[in-house]
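Reading the structure
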Amino acid sequence: PKRKRSNAATTTSTANGEVGPTKQERRKAYLQEKKKKKKGGGGGDKADKPADEKISAKGKLIAERMRLQREAEEKRLAEEEAERKRIEDIERKEKEEADRIQAEKDRKKQKQKEKIERQKKEGTYMTKKQKQQAALAQQRLEAMKAAGMD
């Protein structure tokens with residue numbers, strides 16, 4: 001014959017006649033324990049459970065591989081960061097050098113402009129063509145003096 005299920009939760013009775021937790025309560029407690037284990041065991045001491053004894057040889061091998069992989073990745077990232085900094089430093093130095101050269105060119109140009117302005121005020125400024133003409137005239141004068149013409 002079929003048994004009818006009641007809607008009430010089933011309880012267990014102990015040897016001394018006390019009523020224990022219901023099936024639903026036991027399931028809820030089990031699920032909570034399972035969650036605690038997933039979260040890290042609820043903060044239990046690691047000294048109570050020696051880790052080396054619990055991990056199999058295959059597990060140790062996998063953990064070692066993962067550790068080596070993590071270390072290799074950290075090393076690669078550190079090298080990339082060092083290379084990036086080195087390149088930035090080189091680029092910064094090149095820019096500083098270019099700026100210095102440009103500043104030097106600008107300074108020379110300004111000095112030349114100031115010299116021309118000063119010569120114009122004094123009336124001694126001559127263009128390149130005028131300088132060539134003056135040099136030619138000086139050569140002719142020298143040649144005439146050398147020939148005996150005064």
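Residues numbered from 1 in each chain as written. Predicted model: local features only at pLDDT ≥ 70, side-chain atom pairs only at ≥ 80, totals over all residues. Heavy atoms only, no water.

1. As for the overall build of the chain
When its secondary structure is counted, the chain shows four helices and two strands. For the chain, the succession of helices and strands along the chain, N to C, is β-β-α-α-α-α. For the chain, with 150 residues in total, the buried portion stands at 2%. Carbon and sulfur atoms provide 52% of the accessible area of the chain, an area that totals close to 15,000 Å². (Helix = DSSP H or I, 4+ residues; strand = E, 2+ residues; numbered from the N terminus. Buried < 20%, exposed > 50% of the residue type's maximum accessible area, 1.4 Å probe, protein only. Areas by Shrake-Rupley, 256 points an atom, 1.4 Å probe, with all protein chains shown as cover.)

2. Notes on helix H3 (residues 57-122)
Taking 1.5 Å per residue as the helical rise, H3 with its 66 residues ought to reach 98 Å, and the 97 Å between its terminal C-alpha atoms agrees with that figure. Gly123 occupies a position one or two residues after H3 and carries a positive phi of about 85 degrees. (Expected span 1.5 Å × (residues − 1).)

3. A closer look at a positive patch on the surface
Where like charges cluster on the molecular surface, the positive patch consists of Arg27, Lys34, Lys35 and Lys38. Within the secondary structure, Lys38 sits in helix H1 (residues 23-39). (Patch = residues over 30% accessible without salt bridge, like charges linked within 9 Å, V, L, I, M, F, W, Y side chains within 5 Å. Salt bridge = Lys/Arg side-chain N within 4 Å of Asp/Glu carboxyl O. Lys, Arg positive; Asp, Glu negative; His and termini not counted. Charge placed at Lys NZ, Arg CZ, Asp CG, Glu CD.)

4. Concerning the pattern of salt bridges
Applying the stated rule across the entire model yields 14 salt bridges. Among the ionic pairs, Glu80 bridges to Arg76, the shortest N-O distance being 2.4 Å. Of this pair, Glu80 and Arg76 both sit in helix H3, four residues apart, roughly one helical turn. Assessed through its relative accessible area of 42%, Glu80 is described here as partly exposed. Taking relative accessible area as the criterion, Arg76 reaches 35% and is therefore assigned partly exposed. In this structure, Arg92 engages Glu96 in a salt bridge whose closest nitrogen and oxygen atoms are separated by 3.0 Å. Of this pair, Arg92 and Glu96 are both found in helix H3, four residues apart, which corresponds to roughly one turn of the helix. Residue classification places Arg92 among the partly exposed residues on the basis of a relative accessible area of 41%. Overlapping salt bridges, with partners in common, bring together Asp89, Arg92, Lys93 and Glu96 in one network.

5. Concerning the confidence of the model for the chain
Summary statistics for the chain give a mean pLDDT of 83 and a share of 77% for residues scoring 70 or more. When the elements of the chain are averaged for pLDDT, strand S1 (residues 11-13) gives the smallest value, 54, and H3 the largest, 95. (pLDDT = per-residue confidence, 0-100.)

6. Thoughts on helix H4 (residues 128-147)
The end-to-end C-alpha separation of H4 is 29 Å, in line with the 28 Å expected for 20 residues at 1.5 Å each. Looking one or two residues beyond H4, the residue adopting positive phi is Gly148, at roughly 100 degrees.

7. Some thoughts on the environment of Lys115
Structurally, Lys115 can be placed in helix H3. Lys115 sits 10 residues away from Tyr125 along the chain, and the two C-alpha atoms are 9.1 Å apart.

8. Topic: the environment of Thr127
By the element assignment, Thr127 lies in the loop between H3 and H4. Through-space distance from the C-alpha of Thr127 to that of Ile116 is 9.8 Å; in sequence the pair is 11 residues apart.

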